[in-house]
Amino acid sequence: MEKIKVEEYKKSNSFFSFKKYNDPKEKKDVLNKIFKLSQDNRNFEIFNDYQRTIINLAISDLKKDYEDPDVFNLKENSLAEILSLDSKDYLKYLFHRYRYEIFPLKKKIDEYPPCLQIEPSSICNYRCIFCFETDTSFTNKKNGFMGTMNLDFFKKIIDQAENNVEFITLASRGEPLVSKKMQEMLEYTRNKFLNLKLNTNASLLTEKICHSILSETVKTLVISADVADHEQYKKIRVNGDLSKVLKNLEMLNNIKEKHYRSSKIITRVSGVKFSTEQNFDEMINLWDGLVDQVAYVDYNPWENVYVAPSNNISKPCSDLWRRMFIWWDGKINPCDVDYKSSLSISSIEEKNLSESWNSEKYKNLRLQHLNSKRQSIKPCKSCALV
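Cut-offs applied
Residues numbered from 1 in each chain as written. Predicted model: local features only at pLDDT ≥ 70, side-chain atom pairs only at ≥ 80, totals over all residues. Heavy atoms only, no water. Axes fitted to C-alpha atoms, helices over the stretch in contact; angles between N-to-C directions. Helix = DSSP H or I, 4+ residues; strand = E, 2+ residues; numbered from the N terminus. Parallel < 35°, antiparallel > 145°, perpendicular 65-115°, else oblique. Contact = heavy atoms within 4.5 Å. Nonpolar A, V, L, I, M, F, W, Y, C, P; charged D, E, K, R; others polar. Core = buried A, V, L, I, M, F, W, Y, C linked by side-chain atoms within 4.5 Å. Buried < 20%, exposed > 50% of the residue type's maximum accessible area, 1.4 Å probe, protein only. Pairing = 2+ DSSP bridges. Right-handed = clockwise from strand over helix to strand, strands pointing away. Polar contact = N/O pair within 3.5 Å; in protein donor to acceptor, adjacent residues only side chain to side chain.

### A closer look at the packing of helix 2 (residues 49-62) against helix 4 (residues 90-106)
The relative placement of two packed helices comes down to the angle between their axes together with the axis-to-axis distance.
Then comes step 1: At a minimum axis separation of 9 Å, helix 2 and helix 4 run at an interaxial angle of 75 degrees. Looking at the two axes, helix 2 sits roughly perpendicular to helix 4. For the pair helix 2 and helix 4, contact is made by Tyr50, Gln51, Ile54, Ile55, Leu57, Ala58, Ile59, Asp61 and Leu62 and by Leu91, Leu94, Phe95, Tyr98, Arg99 and Phe103, respectively.
Then comes step 2: Partitioning the contact of helix 2 with helix 4 into residue classes produces 12 nonpolar, 1 polar and 2 charged.

As structure tokens, this is what we get:
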């Protein structure tokens, strides 16, 4: 397959295509509920002054009737997220979503990252052709990058994140379900976050894991798949079998129908738009009825970032203001494009989440990007993310 040439990877608008299965009137209804909630001061009593300020900024933007990338809006994916919540949590969601969407644009941080990405496993059973798992110097166990997270480590991170970070993603360099502790990890997160997302290739789903996913833990389940053709799938997601993934998703849906009918989990098939040969309409035809959403995200050529030439991009990387990564061994990193941790900030054993997010090392990295010096930083100089 011929790769798509990438100029810039815009994280704030990475969905190449997006198909949802919601009533188009729902956004108007949600906005009306939000505006009504904002008119009653009693709904703000649980928030401090800073939180009220951010919520009011979000509401002010939502009242504007024009499209602007710098203005906060409920995009299709975030609309689905807020619809999965009780209306009492709408204002809380706005506070955290505004920070996630707008702070990276304004280059603003506060005490905690808007999103925390936790890696249950750096090991993967696939070798996708666009992924750094194809780098044998990374996957060679002797080099120390491969492992799964200790359950106590995980609980320590969740305890620090609870009531501070509401957007949690379980995934990063590897396949989360490789972890033998995934069931216990999910159960420990129950009812603790507005949106806990699990990214998986779905090849290792079991009945037990399906029950854990559906029992008030995972809010958004993202299944990684890029094509509707079985042979193409094998070529892109090496070691994968699309038939097995489809069978596992049917199992999940059957368990949901039988035991968790009231579940508001969002299911999404999300692929990487890696080649012009991929057909989004075929993806919709295959997954329609099996999931709530189908999406493509832009291809970010991260599989060879340490040896790739400089790309002359000088814009700051938005992820430095959006999310923080914690590897299976507790190491804290600013991104997963830097999959060998050359930019590591600290460790969860050395600093807590807030201390790491506001550390001098993180601040200096952000400052270098703001001063158009990312070309002096490896691997930032070869990364397309802005």
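### Digging into the nonpolar core
Then comes step 1: Residues Leu116, Ile118, Met149, Ile168, Ile213 and Trp287 are the most contacted members of the largest nonpolar core, which totals 89 residues.
Then comes step 2: If you tally residues by element for this core, the top one is helix 10 (residues 242-259), at 7 residues.
Then comes step 3: Not counting the four nearest positions on each side in its chain, Ile118 is found in contact with Met149, Phe154, Ile157, Ile158, Ile168, Thr169, Leu170, Ala171 and Ile326.
Then comes step 4: In this structure, Leu62, Tyr93, Tyr98 and Phe167 belong to the second largest nonpolar core, which totals 29 residues.

### Here we look at the pairing of strand 2 (residues 115-118)
Then comes step 1: Side chains of strand 2 alternate between two faces, with Cys115 and Gln117 and Leu116 and Ile118 buried alike.
Then comes step 2: With 4 bridges joining them, strand 2 and strand 4 (residues 167-170) adopt parallel strand pairing. Bridge pairing in strand 4 places Gln117 opposite Thr169.
Then comes step 3: Note: strand 2 against strand 10 (residues 323-326), 4 bridges, orientation parallel. By the bridge assignment, Gln117 is partnered in strand 10 with Phe325.

### What to know about the pairing of strand 4
Every regular strand shows the same layout, with side chains that alternate between the two sheet faces.
Then comes step 1: Across the two faces of strand 4 the burial is the same, with Phe167 and Thr169 and Ile168 and Leu170 all buried.
Then comes step 2: Relative to strand 5 (residues 195-200), strand 4 is paired through 4 bridges, and the arrangement is parallel. By the bridge assignment for strand 5, Thr169 is matched with Lys197.
Then comes step 3: In terms of handedness, the path from strand 4 via helix 7 (residues 182-188) over to strand 5 forms a crossover that is right-handed.

### Section: the side chain of Asp135
Then comes step 1: Note that Asp135 resides in the loop between strand 3 (127-128) and helix 5 (136-139).
Then comes step 2: Polar side-chain contacts of Asp135 include one of 2.7 Å to the side chain of Tyr339.
Then comes step 3: Setting aside residues up to four positions removed in sequence, Asp135 forms contacts with Tyr339 and Lys340.

### Digging into unusual backbone geometry
Then comes step 1: Residue Lys378 is joined to Pro379 through a cis peptide bond whose omega torsion reads 10 degrees.
Then comes step 2: Turning to its location among the elements, Pro379 is positioned in the segment after helix 13 (360-370).
Then comes step 3: The phi angle at Ala202 is positive, at roughly 70 degrees, despite the residue not being glycine.
Then comes step 4: In this model, Ser372 sits at a positive phi of 60 degrees, which is unusual for a non-glycine residue.

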